[in-house]
Structure formats: C-alpha cells, structure tokens
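# Residue-level structure breakdown
Here is how the chains run, residue by residue.
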Amino acid sequence: MNPVAGKYSAKYLITYNYYPFPMHGIIFDIKNFAIHDGPGIRQTIFFKGCPLLCWWCHNPESRSADIFSIEKEEIIDGVKVRDVETIGKKYSVAELLNEIKKDIVFFEESGGGITLSGGEPLLQYDFVLALLKECRKLEIHTCIDTTGNINSDKLLNIASLTNLFLFDLKHMDNDQHIKYAGVNNKLILKNLKLLDEMGKDIWIRFPLIPGINDDESNLLRMMDFLSKRKSSHPISILPYHKIGKHKYERTGIDFKMNGFQEPATNDVTKIMNMFTDAGFSTSIGG
Amino acid sequence: MNKRIKKLREQSQNAEPRISAERALLITEFYKSELCQQFSVPERRALAFNHILSNKSICILDDELIVGERGSAPKAVPTYPEINLHSLEDLHILDTRPKVWFRVDDETRSAYKNIVIPFWKGLTNREKIFSIIDNNWIDAYEAGVFTEFQEQRAPGHTVLGKKMFTKGFLDLKKEIDISIAGLDYLNDKKAYTKHEELKAMDIAASAIIMFANRHADELDKLAQKEVDEYRKIELMQMASICRKVPANAPETFHEALQHYWFIHIGVITEVNPWDSFNPGRLDQHLYPFYRKEIDEGTLTKERTIELLEAFWIKFNNHPSPPKIGITAKESSTYTDFALINLGGVKEDGSDAVNELTFIILDVIEEMRLLQPSSMIQVSKKNSDEFIKRAAQIIKTGFGQPSVFNTDAIIQQLLYQGKRIEDARNGGASGCVETGAFGTECYILTGYFNLVKIFEITMHNGIDPSTGKMIGLNTGYMSEFKDLNQVLDAFEKQVNYFVDIKVKGTNIIDQIWAENLPVPFLSLLIDDCIEKGTDYNNGGARYNTSYIQGVGLGSLTDILTSIRYNVFDEKNIGFKELVNATLANFENQLKLRNKLINHTPKYGNDDDYADEQAVSIFNIFLNAVDGRPNIVGGHFRINMLPTTSHVYFGSVTGATPDGRLAYKPLSEGISPFQGADRKGPTAVLKSASKINHLKTGGTLLNQKFTPALLEDEKGLDSLVHLIRAYFRLDGHHIQFNVVTTKQLLEAQKHPEDHKDLIVRVAGYSDYFNDLGEELQDEIIRRSEHGGY
C-alpha cells in the first residue's frame, strides 16, 4: 500500500533535517542496477578525485576532485542543441543515504548493496567513514572499489565497516606502475597484504591492457604475490576497451592510448585459464 | 520440434490472412429464413450458431493432431455482419493496406455486395449503438478522449476455468435441465426469460457436440482413404476422440486439448469477442491428465510436447478478426490476445508449478509464435528456478513470457469482493487484465486518454485542435496560481468524461444483452446456467467493467514540468508555456531542451515527479472505481494501452513536457520513451508508487540489451528485479531484449528482419507489422544495460 496522504499529495519523501556530520562528498555519478561491482544488484557511487593517473582510465573526469562544467551537445529530434554538463555534485551523507535507501528492496532481494568507486573513494575518508557507519546501521552490504593507494591506517579503519573490497592490481613492477599509473605500487601491495591479514573479503580486479601488463612475467609475479596471501581471493579480469575515449575528447584530457588495442577474446581466455590452472577462482568482467 | 510439427508450423506461418465470407453468408441465410422469426432472441442466437456449425466447411489438414478451424482454412477469417458490417470500401482497405492486411477475393467481395451488405445494412449492432448514443459521447469519442471496445467486437474477454476440463456438454445439458426444473413461475417474473435463455444454452450445447461429430465423420472418411497405416490409425483415434469430447469430459491429455479446442472454436464462431478466448491456467488444467497418463505409461514426454505444439499452432492459425477505423488504430495487430497462464498458486494457496509447467515453457521457447501469447504467474511461493527458466526464454528476445505477480492479482480480486478460491483460480488475460477465470465476465470498455483530457482542461473545456467545446468550463489554466488548482480543474474534467463514458457503456451493454446474447459462452462461465442468465446480461458470478487509463507517464511529466518550470523555478510563465505548446514549440529548441533534459521526469524514482503520477492515478481511480455497472458489478480501472498510445498521441497537440504535437504518448505505466535515465530499479520504484492493488492490471515495459542477460549474473539479476518489483505490489512487467541498433537496422531493411519480434504493450508482434510511429516509439524507449 502506498503511504498516500491527503487528496492528491503524496508526501512520503524521507527527509533528513539534521545530520551530525556536516561534511559533503563529491560524487560524479551514481549507477543503479550495477551487477558487476560485487554480489547482487548494487548501487555504485562514483567518488571524484583519484591519486592515480592510469593511461587506460575509463573515467578521466573523475581524476580531479573539483566540480567543473563542460559543454555538451543534446540532440532533440535530430537537431543539435548546445548544453552544459556539470561534472560532480555535492552530497551530504543524508542526501546520499536517501539515494541509497531507494534501492534497498533490490539489495535485499539480490544480496546486493552499495559499491563505492571512483576515482578513489577513500580520498574522501571522513565522508566515507560517516556513510559506512550509517550503512552498517541499516544493514546495507558495503563494498569499496579501491586503488589501494591510500594511507594504511585510514584504510584499516574503513575496513572494519566494509563487507567487501574490490582491489585493483594494475602492475606488479614498480617502474611500470609508476609509468602507467603515475604512482609507485609499494603502498598498494602493502595495503592488500594488510587487508588480507585482517581476513577481509577481497576480489582482485585486474585491468588487462595488452602491451602494458599482459606479459607473462607480470602475470607470474601477480600469481606469486596472491598465492602467498592468507586467503585465496577471486580474480576478475577486466579486458581493456576503448569506450572511454570520447570522455578524453570532451574533457580535454590527453588520451595516451592511441595505438593500444583491445585484447582478443582468445588471449583473455588464455590468461583466465592461466589463473584458473594456478588455482584462482577467475572470471572475466565484473 | 519434430518433422510433423515443423511442417504444420510452417504451414501456419505461411498462410495468408484472408477474409472468408462463409460465416457471413450462413448467418445471413439463417436470419433471412422464416424459421428464425419464430424464436426468442436467445434461441435465435443459438439456432444461428447451430446453423453455422452444421453447414460450415470442415477443415482437417494433413498430419494434424488437433482439429477444428474457425474458417475454411488456417487464417481464413470470418466476419460478423450482425455486429459490424464491413463496407466494400472497408474490404478494399483490408485487402490493400501495407500492414496487417487481409486478402479479399472477388467471390467474397461479390458475396458482400450482393447478399451480406444489402441484408445487414441498418440492422447491425454497431449501427444500433451509434443511433442511440449521446452527442457528447460522440464528440468525446471523435476528439479521441476515449475509445469503445464494444462498438465492433463482442464483450468477450473472459477465460475458461477448470470446470470445463472436468465436464462435457452432456453434463451441462443435465445442469440446464435441473435449472429449468427449478424455475419458479409462481414468484419469479423473469422465469420465462430465463427459460428461453436456458433453452438457447441447450441448443448451443447440442450444436457443439454435433460439430465435433461432423469432424469425427470426416476423420473416419479420411482414415478409410489413408494408405499410410500409422496415419490411418491416428485418424481413427482422432475420430473417436471427437465422438467423445466435448460431449463428455476428457480423460486423456489428447482428449483434453481437443476438448478445449472445440470450445475455443465455439466461442470465436458464436461472436467475435475481444481477446478471442483463452484456456487460462493451462499447466493446472492439463496436469491431472498428464500425471495419470505418464504414470500409467500411456503418454510420453515427447508425445506431450508434440500434442502441445500442435495445439499452439491451432492458436496461430487464428488471427484477430479485422477491425476498422479507430478500433484498428487502437489495436492494429493480427494477435488475438490468448494468454496462456503458467505457475502461480493452486486453489488452496500452495505452489502450483509442476512438471508440466516446465514442459510448456519448453514448448513456448521452441514454437516462438506470437499466438498464443504466454505469461508466468509469480507468487512468493514459487521458486526462483521457475522464474529463471522463464528468464532464459525472455532472453531469446521475443517478448514472451511476460511476468505477473500472482499475489497482487489475488489481492486485486479480493479487493473487488471475490472469494479467495476464485481469486486463486484467476490470473491475467489479454494484455495484463486481472480476472477470476471461469467465473467472471470482465469487459474492457475502452481506452481513456488522460493526456487529451488535460489538454482540454488547459483550454477551459475546448479541444484546441477543433476549437470545439467538449468539456467543462473550469477556467483557462494559464491563469491558475498553483498546482492544486490545476489538479482540481483536471479532476472535474476527468469526472465529467468518465460520466459520459460510463453512461455510454451502460447503453452499449444493454444493447448487447438485448440483441446479442451468447448462449454458448454462457455455458462455460459460472453461474450463467444456475442463474438462467446470459453472459452478456450479468449471468457470470462476477461482472466487472474496466476503463483503461492511458498516458500516465506523459501526463506525470506534463504536470511535473508545470510544477517545476512554472510554479517552483519560475523558468517560464504559464501563459508562455501554453502558447509554446499551441505553436508546437516552433523555434523553441532551447525551451524544449529545458523541458526535456532539465526537468524532473517520471521513471527516475524521484518523488518530486512521481507525486504527480500518484495524484493523476488517484483522480482517475476515484472517478471510476466502484461505480455500479448495469449487470450487477462495478466499474474498475486498469492501466494499459495496447497500441492506443500512438492513436491517442495522434489526436493530442504539443504538451508542456516538451512532446511535439501528435507524437505518441507514454504506454502503460512505463515512463515516457527515454525519460527514465536511472536504470530499471528507478523505473520499478516509480511505477510502484501508484496503488496497483486497486487496479485490474497495469502494464510496464522494459527494454534490456541482450548483453545484460548474457551470463548467469544477468539472469539472476532479472529474477531479483522481478521479485523486488512484486514485493512492491507491482502487477506486471515485460521485457524487450533487443538493441536499439537492431531495431534501427530492421526499420531500414525490413526484408532482412522478417522474424524480428518485439514486445509492444501486453503482446508481442512482428516488428515489420507495426506502423512506423509505433516502431519509432519502441526505438525511443530507454535501453537498460547493466554496469
């Protein structure tokens, strides 16, 4: 039954007039019905700002932590109209929770929840911490998709309120990591070890970029590193695809991937089999 | 599918739809006869039925297992001149129109010219209706405020219950005798009328038995001539089945199917009822026969499938009788809306899914036919496995099966005052319409154009496209100061037009009851025999009249646009906005961009917009729900368009949501095409804010990319979406699994995409058979992928 009050009006909007955390998060997108970012049907919340500068990044507009506007074209019945799109939006914890709560029925039916992604959500540590506390109260399953390049103390604080990590491993070689992702990988690997020792559920996400990280030595090093962990963590191979290219054009960010190809299906399968044969539960995509 | 089925299926698919004058000539012959004049109206109808079944050609095709055709051959479609007389011009249009055509040969044309038209002109039910109906009804009808289902097709729209799978017509004749013996001429002033009706039912029962025997005779003849020993035996067996059913209750799986099929042919020969007719809960009705025979070893799974597939083909042989005029626009399709129900709950409330349910799902997948359409009933008691099996078929992209919420259907029926057992034996038919199967006459009276009424409200009762005053004076909207004033005026106009519609329906119902009773259909639906009352006159246990609201999504966006742009943000003056709509937004691209891309819209789980959906829904509901109809039941609402959202759009000018004049409206309770931008969960949430449990069905369409359902996770997620929507009391959801690219490609090169089937609204159709406007409308619907 709908809680419809009065003759016409249906004033059943849940509003929070007061919330003890006056801080804001900067979010650049919220995707409902995300089914490849953790178990069940999820709401993936994309945080703005990232410590990495991966060449293949699908969301270059997420790198800067600022809200900015870009021009865009709308097409209405075949006619172009100039318009402006604002990238990034401020949310209070209460506002974001309102969005999250809208999908609780889907989380419950599917064993889903929210996934904080980005960018790097943990750059907005205070906000994420407050948000996760509220989600815990509501028994919402939480997942964080992280670069891992974040202060370890903060990460561990967050971990106690997080059900699952999607942890990106981009390259095992430090020099290569610096070249292609803009930072060294020491902290990332350390953090993965810490989360593992803590007994957290972790899904490894491996963006497979031909010519950058698909060489055998990298794959072997990755397997070696992962096999030494306390738990065996499932691996998702995310094959590189070029759909993000137009975003570089629109945002005026230098696109460095010209000349790089999407991996052939055969090659992806071959790599998946390598992981599988080594005893890892491996999947392609999500 | 085996060779026989493959051949029969191909034969059915390749048959050319054509008009057959056979029925028209037979009924004309009967009505011309002196014999006809000596009987009461019900008996006359029964004798006409008998005359047709005694004389119509018998069609038995090579290798058929289930026999009986309405016409002389597959897709030879009869006409019903006593109801709706096609003119020579109509026949020409049917023959030559580029889509949904029916071939008309010279013989048919000359039969119409020389015999049928001269006799029936001036005597048809349609003419009776239009001669008596009010002028303001005509004005509203012509302006496109509503349509009328019963002006050229009979008030069918009912579904067979389990009774007829346990009884034969000889049993019914005994019940008629008992009912006649119980007539109380001392106290009941209707006793004579009832007597005549019961006698008519008895004639109709004998007629269908005779019709089956004619098939038996023909089968025996064919058996004698048959050289193939196997087929010879088969024909002899079929002959003996036709001698047994439908006179007696069926005892085997094959008998049950043949029994139903004779009933089906009877119903669609007697008159041309809306939504043909329907066996309803097929897996429930057939399971006892299946179980018994499988256990006894007289039936195999392969034979079960073969028989079911032969049965499926029979439905496909029977296109909807050709419509004309507005009725063709509101429902332009060959599909005749038989909707097989699977799953749900049993009469005692327990999980009804059985082994046969899964076999029938296999048949649906393998046959991939538009007719019969199919749906699954999903109760909280059914397993995910069942839904997932259906999802695998949905994934193949022909729009079937659609998915219904059994628990909501039961609550809807209980809300309407039905017994719990009758509610649990119910389901959905046609597109999405709730009904108690075997016990209810539930009539769809017409689509109701909520957006047109709003347009009339904007202009103080005047239809701006004609300048004619057809509504009430409720003031010029551009002078209104807040949204409540707008809603108040709209409510007054809705009530006014609902009054007109209800009054019209009451007149039309009486015309049908008086002139065209249906003694054969009355045999099938409880409690017509017991009450001695015709199906068209309140004989059924429950009698519901539905009005179908259309344009919820569009109108929500219109009101939200006014609320947001005029009252809250003050982006534009009300007058300026109304004038822009009158100018069809000429040179107003920037304004349209604001209205389309920067205004809250229904379908995004945004209460700011969805509150208007609830208001509109409640206004419509309050205007209709619970009004008495003339057959002892009530008016109710449901929210479905078939294809009327295209027709209704074509009579409605530009609207404050940025929609251009004459473009289609939103369909069902789906968001306006492309307005939903937050994915399927947001659509389901928005759609669940209206009170589904007070409707007799709502229709929600979703377009998914095939990629979404490629893997297990995608299929599981579909199951979870369905469960969540149903937990929120959603009534129905259906899926188009096709990419926009595919559709555009098919539009460009129809010849390469003859097999492309899409979900329209409550039914599937060949993409090529749809009008261009409707094709475009489907293309514009938002396409959901997973992330």
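Residues numbered from 1 in each chain as written. Chains lettered and ligands numbered in written order. Predicted model: local features only at pLDDT ≥ 70, side-chain atom pairs only at ≥ 80, totals over all residues. Heavy atoms only, no water.

### A look at the packing of helix H4 (residues 41–55) of chain B against helix H10 (residues 191–225) of chain B
Helix-helix packing is characterised by the crossing angle of the two axes and by the distance between the axes. Residue and element names in this part refer to chain B. For the record, the criterion: Axis angles are defined between N-to-C directions and span 0 to 180 degrees, where every axis is a line fitted to C-alpha atoms and, for a helix, only to the segment in contact. Secondary structure elements are defined from DSSP: runs of H or I of at least 4 residues count as helices, runs of E of at least 2 residues count as strands, and each element is numbered from the N terminus. Reported orientations rely on four angle classes, namely roughly parallel under 35 degrees, roughly antiparallel over 145, roughly perpendicular from 65 to 115, and oblique for the rest. Contacts are assigned to residue pairs that have any heavy atoms within 4.5 Å of one another. Amino acids are sorted into nonpolar (Ala, Val, Leu, Ile, Met, Phe, Trp, Tyr, Cys and Pro), charged (Asp, Glu, Lys and Arg) and polar (every other residue, Gly among them).
Packing of H4 against H10 leaves a shortest axis separation of 8 Å and a crossing angle of 5°. One way to sum up the angle between H4 and H10 is to call them roughly parallel. Contact with H4, carried on its side by Pro42, Glu43, Ala46, Leu47, Phe49, Asn50, Leu53, Ser54 and Asn55, involves Glu196, Glu197, Lys199, Ala200, Ile203, Ala204, Ala207, Ile208, Met210, Phe211 and Arg214 of H10 and no other residues of that element. Along the lines of polarity and charge, the residues of the contact of H4 with H10 split into twelve nonpolar, three polar and five charged.

### Some points on the sheet that holds strand E11 (residues 542–550) of chain B
Residues and elements named next belong to chain B. Here is the rule we go by: Strand pairing requires that DSSP identify at least two bridges connecting the strands.
Taking strand neighbours across the sheet as the criterion, the four strands line up as E8-E11-E12-E13 in an open arrangement whose pairing is parallel. Edge positions in the open sheet fall to strand E8 (440–449) and strand E13 (695–698), since each of these has one partner strand only. The sheet shows a mean angle of 25° between the axes of neighbouring strands, direction not considered. Relative to E13, strand E12 (residues 634–639) runs parallel, the two sharing two bridges.

### A closer look at the environment of Asp175 of chain A
All names here are of chain A. Cut-off, in case you're wondering: Throughout, exposure labels follow a simple rule: accessible area from a 1.4 Å probe, protein chains only, divided by the maximum for the residue type, with under 20% read as buried, over 50% as exposed, and the rest as partly exposed.
Mapped onto the elements, Asp175 comes out in helix H5 (residues 174–181). According to the relative accessible area criterion, Asp175 is exposed, its value standing at 57%. Remark: the alpha-carbon pair of Asp175 and Asn185, spanning ten residues in sequence, is separated by 8.7 Å.

### Some points on the confidence of the model for chain B
Inclusion rule: The quantity known as pLDDT measures the predictor's confidence residue by residue, on a range of 0 to 100.
Of the residues in chain B, 99% have a pLDDT of 70 or more, and the chain-wide mean is 95. Across the assembled chains, the prediction reports ipTM 0.93 with pTM 0.94.

### Remarks on the layout of surface pockets
Residues and elements named next belong to chain B. We count it as follows: Buriedness for pockets is judged along seven lines, at least five of which must meet protein on both sides within 12 Å for an open set on the 1 Å grid over protein atoms alone, while cavities are sets there where a 1.4 Å probe fits but cannot get out, and lining residues have an atom within 4 Å of a point. Grid points are joined across faces, edges and corners, and a volume is the space filled by probe spheres set on the points.
The volume enclosed by the second largest pocket comes to roughly 690 Å³. Together, 25 residues line the second largest pocket, and Gln13, Tyr334, Lys754, Tyr766 and Asp769 are the ones closest to its centre. At the level of elements, helix H1 (3–14) and helix H31 (740–748) are the ones that each hand at least two residues to the lining of the second largest pocket. Along the lines of polarity and charge, the residues of the lining of the second largest pocket split into eleven nonpolar, eight polar and six charged.

### Quick notes on the packing of helix H21 (residues 483–515) of chain B against helix H27 (residues 607–624) of chain B
All names here are of chain B. For the record, the criterion: In this scheme the handedness of a crossing depends on how the near helix is turned from the far one: anticlockwise by less than a right angle means left-handed, clockwise means right-handed.
It is at 9 Å that the axes of H21 and H27 come closest, and there the two elements cross at 30°. Taken together, H21 and H27 sit at an angle that is classed as roughly parallel. Crossing handedness for the pair H21 and H27: right-handed. Contact with H21, carried on its side by Leu483, Leu487, Phe490, Glu491, Val494, Asn495 and Val498, involves Gln612, Ser615, Ile616, Ile619, Phe620, Ala623 and Val624 of H27 and no other residues of that element. Of the residues contributing to the contact of H21 with H27, the split by class is ten nonpolar, three polar and one charged.

### Re the side chain of Gln493 of chain B
Its location among the elements puts Gln493 of chain B in helix H21. Excluding residues within four positions of it along the chain, Gln493 of chain B makes contact with Ile453, Ile456, Thr457, Gly461, Gly471, Leu472 and Thr474 of chain B.

### Here's the deal with the pattern of salt bridges
All names here are of chain B. This is how the line gets drawn: Salt bridges are identified by distance alone: a Lys or Arg side-chain nitrogen within 4 Å of an Asp or Glu carboxyl oxygen.
Considering all chains together, one arrives at 67 salt bridges over all chains under this definition. A salt bridge links Lys501 to Glu148; the nearest nitrogen and oxygen atoms lie 2.9 Å apart. Remark: Glu148 occurs in the loop between helix H8 (135–143) and helix H9 (169–181) and Lys501 occurs in helix H21; sequence separation between them is 353 residues. A relative accessible area of 1% places Glu148 in the buried class. Each of the salt bridges in this network shares a partner with another, and the network as a whole consists of Arg4, Arg231, Glu234, Arg303 and Glu306.

### Details of the packing of aromatic side chains
Residues and elements named next belong to chain B. We count it as follows: Centre distance within 6.5 Å is the pairing criterion for rings of Phe, Tyr and Trp, where only the six-membered ring of Trp is used; planes under 30 degrees apart are then read as stacked, over 60 as edge-to-face, and the remainder as tilted. Each ring is checked for a lysine NZ or an arginine CZ that lies within 6 Å of its centre and within 35 degrees of its normal; such an atom marks a charge sitting over the ring.
Following the criterion strictly, the structure yields 40 aromatic pairs over all chains and no others. For the pair Phe130 and Trp137, a centre-to-centre distance of 6.0 Å together with 70° between the ring planes defines the contact as edge-to-face. The interplanar angle of 5° and the centroid separation of 6.4 Å between the aromatic rings of Phe165 and Tyr260 together place this pair among those described as stacked. Of the two residues, Phe165 sits in the loop between H8 and H9 while Tyr260 sits in helix H12 (residues 253–270), which places them 95 residues apart along the sequence. The residues Phe165 and Tyr260 share a single accessibility class, namely buried. Through a chain of ring-to-ring contacts, three or more aromatic side chains come together here, namely Phe165, Tyr260, Trp261, Phe277, Phe311, Trp312 and Phe315. When the ring centre of Trp101 is taken as reference, the NZ or CZ atom of Arg103 above it lies at 3.8 Å. Its end group placed over the ring of Tyr608, Arg563 keeps NZ or CZ at 4.1 Å from the ring centre.

### As for the interface of chain B and chain A
Let me state the cut-off plainly: Two parts placed together each lose some accessible area; with a 1.4 Å probe, that loss summed over both constitutes the buried area. Polar contacts here mean pairs of N or O atoms no more than 3.5 Å apart (in protein, one a potential hydrogen donor and the other a potential acceptor; neighbouring residues in sequence count only if both atoms are side-chain atoms).
In this assembly, 45 residues from chain B lie in contact with 36 residues from chain A. At the boundary of chain B with chain A, total buried surface from both sides reaches about 3,500 Å², with 55% on carbon and sulfur atoms. Where chain B touches chain A, the interface holds three salt bridges. A salt bridge links Asp77 of chain A to Arg592 of chain B; the nearest nitrogen and oxygen atoms lie 2.9 Å apart. Taken together, chain B and chain A are joined by 13 residue pairs in polar contact (both at pLDDT 80 or more). When contributions to the side of chain B that touches chain A are tallied by element, the ones reaching two or more residues are H21, helix H26 (589–597), H27, helix H29 (679–687) and helix H30 (712–727) of chain B. A total of eight residues in the side of chain B that touches chain A trace back to one element, the largest contributor, which is H30 of chain B. Looking at the side of chain B that touches chain A residue by residue, the classes come out as 15 nonpolar, 14 polar and 16 charged.

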